[in-house]
Amino acid sequence: MTNVWVICRKELRSYFASPIAYAVMALFALIFGIWFYLFTREFVNVSFRSQMSGGGPPMSVNEYIIRPILGFAGTISLFLIPLISMRLIAEEKRNGTMELLLTSPIQDLSIILGKWLGAMLLYLCVLGMSLLNIAFLFAWGKPDWKPVLVGYLGLILQGGCLLALGTLISAMTSNQIVAGGAAFFVSLLLYVLSWFTEFDSTTASKVLSYLSIITHMENFSKGVLDFKDAVFYVSFIFLALFLTARQMESLRWRS
């Protein structure tokens, strides 16, 4: 476990030693902030018109702002996570330091977990950029905090899946651009699977829909913690990291 933490800290330092971390955090904060403003403005306008026309039941901040903005945050992550994961192992191979890692006494699993955890910590920093916007809602409104926590848990699990997938793809190439592009393509494919099967009720369609990462995010964004969705994400992470370990094992034999 000590080796995992050492590699994790090294990976995290390397992110902040380059423009990658700052660029990803700034881009996420900008896009999230713009959409947060748009959702909040629409909520205020609709609430004002509702009051002027005779009122009605009070509108829910969770339903009209938090739920859609957290769902949109998952979409933003789809584009940004390949930027985080593309360098994890591909850069080591390009710089020729992969052989040093493979010939060291550190186990392959420790290397993979350390790099994945380092990327996860950066992803948590990226998500943290959105907390300031959410804090405004708690300062000026009365949202329910439980759906917010569940929504962020879903974002963390979904991000973990995409980062594990990106780690696997990064282990297959020494080109960071190829790794990033391939990770984005596969992530996008897993994202839109449910769209292709939305109006089909066959068994194959249900299986494809289940494999879509966005299908399992829907309940989280609603504030519903469903055990089967959490199991899917955790299983996906374990499978992707296991396949990465097998890929690393093949690289070790070649070296």
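Details of the structure are given in the entry above.
Owing to the predicted nature of the structure, the values given are computational and were not obtained by experimental measurement.

(A) Fine view of the overall build of the protein chain. Scanning the protein chain for helices and strands turns up 12 helices and 0 strands. Ordered by position from the N terminus, the helices and strands of the protein chain form the series α-α-α-α-α-α-α-α-α-α-α-α. Here the analysis covers contacts within the protein chain between residues at least 6 apart in sequence; of these, 77% occur between residues at least 24 apart. Accessible surface, the protein chain: about 13400 Å² in total, of which carbon and sulfur atoms supply 70%.

(B) Expanded view of empty space enclosed by the protein. Following the criterion strictly, the structure yields 1 cavity of 30 Å³ or more and no others. The volume enclosed by the largest cavity comes to roughly 30 Å³. Val24, Phe28, Ser77, Leu80, Ile81, Ile84, Tyr123 and Val126 are the residues that line the largest cavity. Secondary-structure elements contributing two or more residues to the lining of the largest cavity are helix 2 (19-52), helix 3 (61-85) and helix 6 (108-128). A breakdown of the residues in the lining of the largest cavity according to their chemical character gives 7 nonpolar, 1 polar and no charged.

(C) Just the nonpolar core, in detail. In this structure, Tyr15, Phe28, Leu155, Leu163 and Tyr233 are the most contacted members of the largest nonpolar core, which totals 67 residues. Once residues lying within four places of it in the same chain are set aside, the contact partners of phenylalanine 28 are Gly33, Ala73, Ile76, Leu80, Val126, Leu127, Met129 and Ser130.

(D) Structural detail: the environment of glycine 181. With respect to the helices and strands, glycine 181 occurs in helix 9 (residues 176-196). Residue glycine 181 is classed as partly exposed on the basis of its relative accessible area, which comes to 39%.

(E) Seen up close, a nonpolar patch on the surface. On the surface, Leu30, Ile34, Trp35, Tyr37 and Leu38 cluster together into a nonpolar patch covering about 480 Å² of accessible area. The residue isoleucine 34 is located in helix 2 in this model.

(F) The packing of helix 6 against helix 8 (residues 145-170), seen in detail. Put simply, helix 6 and helix 8 touch, their axes get as near as 10 Å, and they point 140° apart. With respect to helix 8, the axis of helix 6 lies oblique. The element helix 6 and its partner helix 8 pack so that their crossing is right-handed. Contact residues: helix 6 offers Ile112, Trp116, Ala119, Met120, Tyr123, Leu124 and Leu127, while helix 8 offers Tyr152, Leu155, Ile156, Gly159, Gly160, Leu163, Ala164 and Thr167. Its residues assigned to classes, the contact of helix 6 with helix 8 shows 12 nonpolar, 3 polar and no charged.

(G) Quick look at the environment of tyrosine 123. By the secondary structure assignment, tyrosine 123 is in helix 6. What makes tyrosine 123 buried here is its relative accessible area of 1%. Once you skip the residues sitting within four places of it in the chain, tyrosine 123 turns out to touch Ser77, Ile81, Ile84, Leu155, Ile156, Gly159 and Leu163.

About the thresholds
Residues numbered from 1 in each chain as written. Predicted model: local features only at pLDDT ≥ 70, side-chain atom pairs only at ≥ 80, totals over all residues. Heavy atoms only, no water. Helix = DSSP H or I, 4+ residues; strand = E, 2+ residues; numbered from the N terminus. Contact = heavy atoms within 4.5 Å. Areas by Shrake-Rupley, 256 points an atom, 1.4 Å probe, with all protein chains shown as cover. 1 Å grid on protein atoms, 1.4 Å probe; cavity = no way out; pocket = protein on both sides within 12 Å on 5 of 7 lines; lining within 4 Å. Points joined across faces, edges and corners; volume = space filled by probe spheres on them. Nonpolar A, V, L, I, M, F, W, Y, C, P; charged D, E, K, R; others polar. Core = buried A, V, L, I, M, F, W, Y, C linked by side-chain atoms within 4.5 Å. Buried < 20%, exposed > 50% of the residue type's maximum accessible area, 1.4 Å probe, protein only. Patch = residues over 30% accessible without salt bridge, like charges linked within 9 Å, V, L, I, M, F, W, Y side chains within 5 Å. Salt bridge = Lys/Arg side-chain N within 4 Å of Asp/Glu carboxyl O. Axes fitted to C-alpha atoms, helices over the stretch in contact; angles between N-to-C directions. Parallel < 35°, antiparallel > 145°, perpendicular 65-115°, else oblique. Left-handed = near helix turned anticlockwise from the far one by under 90°.

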